[in-house]
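# A look at the structure
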Amino acid sequence: MHITETVLRDAQQSLIATRMPFGDFEGVLDEMDKAGYHSIECWGGATFDSCLRYLHEDPWERLRKIKAHMKNTKLQMLLRGQNLLGYHHYSDDTVRRFVRKCVENGMDIIRIFDALNDLRNIETAVDECLKAGGHAQGCICYTLSPIHNLDMFVALGKQIETMGCQSLCIKDMAGIMSPQECYDLVTALRKNIDLPIYVHTHATTGLGYMTYLKAAEAGAAGIDCATSCMSGGTSQPATESLVYALTQMGYDCGVDPAALKRVNDYFLPVKERFSASGTFDPYVLSTKTDALTYQIPGGMLSNLVAQLKAQNAIDKLDAVLAETPRVRADLGYPPLVTPLSQMVGVQATVNVLLGERYKNIGKEIKSYIRGEYGKAPGEIDPALARKVLGDEQPMSGRFADTLAPEYEAAKAALGDRATSEEDVLSYIAFPQQAEQFFERRAKTFTASYLFKEVG
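Every chain begins its residue count from 1, and numbering advances along the sequence as written. Where local features are concerned, this predicted model is filtered to residues with pLDDT of at least 70; where side-chain atom pairs are given and counted, the filter is 80 or more; whole-chain, interface and lining totals use all residues. Where side-chain values are given, they derive from all heavy atoms of the structure, hydrogens and water being excluded.

## Overview of the pairing of strand β6 (residues 167-171)
The buried fraction of β6 amounts to five of the five residues, a majority that puts the element mostly inside the structure. For every residue, the accessible area (1.4 Å probe, protein chains only) is compared with the maximum for its type, and the residue is labelled buried under 20%, exposed over 50%, or partly exposed between those bounds. The way it works is that DSSP assigns letters per residue, a run of H or I at least four long becomes a helix, a run of E at least two long becomes a strand, and they are numbered from the N terminus. Where burial is concerned, the two faces of β6 agree: the one with Ser167, Cys169 and Lys171 and the one with Leu168 and Ile170 are both buried. Where strand β5 (residues 135-141) meets β6, five bridges bridge the pair, whose relative direction is parallel. Bridging from a neighbouring strand, Cys141 pairs with Lys171 of β6. For crossovers, right-handed means that the path from the first strand over the helix to the second runs clockwise, given strands pointing away from the viewer. Each parallel crossover has a hand, and the one from β5 via helix α7 (residues 150-162) to β6 is right-handed. Pairing between strands is defined by DSSP: at least two bridges between the two strands are required. Strand direction decides the pairing type here: β6 and strand β7 (residues 197-200), joined by four bridges, are parallel. When the sheet's bridge partners are listed, Cys169 is paired in β7 with Tyr198. In this view, the connection linking β6 to its parallel neighbour β7 by way of helix α8 (residues 179-192) has right-handed handedness.

Quick look at the structure:
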């Protein structure tokens, strides 16, 4: 049973909003490389944005530094298909350049998903990953609804295999996949496709540990876990606990328990510093079984709470939670994963605070209804569609096909502020944050140069 350790990406993203700088984990990288993990998830997701926006780090340099320590262990990242690491679709030339640079800078496994399970939106990224020599892992975003079932998921699995992906991940971002549902889905996929199947879940609802054990029994190739001090709640189940249980059940996880302890011991004081600063809020560690009803991922729930507190409307939380699945149904039951989870949550909040449903419709929701995010899984409410589209029809093609190439124009706009192709790609993904980073970098370089001259 392969173990993917998530402490450097999803665990810290789920628990401390991706605020862990490179210096906080540099000292344990060599130890992690010796532990025997199948892979270490260390990049992608929100790490890129967070590096530029909050940590003042070059995300590409961070990746290269991590790679320098990983002689034996594969690095893994999460990519949002045509959205890359941002929140809207980018042109195909940008996607191809970005994916190629991920591999060239040290990435081994790229886990690629589309929020709507519209696999047209991962084709370009998968193709370029394979051409660049990376391992392309296609995703099924797991969700529950009247239209999502085993047949639909198996059909997606077949498409992912046909696309050329080397493995498949069942991505349960809200921790809502029950042990039995996991067993049935892994079993059905294994009967219909030949790809290794990996299972990703969160401990949010308390089901995660049991779900992983049933994944193993069904023949899954691997699971995602987090070192114990950064596990639980909105993070993943604990690495050490799963390895202990699975080993007793006869599975070889390939890891050294003593090394796992040393890794966890290293992160204990790191966690304590984030706890002392208030960044690590114990709220995220509590089990939230309401997610089984509302299907709201932990990060989305935290955002809803923060938004309502900011507007002195926390008393409306229950109403917003009840409105969220109604909005999701109106939109054709999209999986609640970035960026759809944020979009649905914001619209539900607006509906409740204004006291009238869809009095104000967010521009992202309008783009979704127009088909710019891909094909909705189910039928969008006809009245809502008419309100947004009028007599127009939503687009049936792939939105990226309508986008002009972006790279050369961005390169020209940056001029000599960009020192590499990676800089241009950072700017395309997050223009404002990248420009601020480049300005800060230039000032730091100038100050360093002057210091040396004076010295």
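After presenting the structure, the write-up continues.
## Overview of unusual backbone geometry
Trans peptide bonds make up the majority, and among non-glycine residues the majority have a negative phi. Omega for the peptide link from Thr338 to Pro339 comes to 0°, which places this bond in the cis form. One can find Pro339 in the loop between α14 (317-330) and α15 (340-354). Within the chain, Asn117 stands out as a residue other than glycine whose phi angle is a positive 60°. Turning to its location among the elements, Asn117 is positioned in the loop between β4 (109-112) and α6 (123-132). The residue Asn312 is not glycine, and still its phi comes out positive at about 50°. Judged by relative accessible area, Asn312 falls into the exposed class, the value being 73%.

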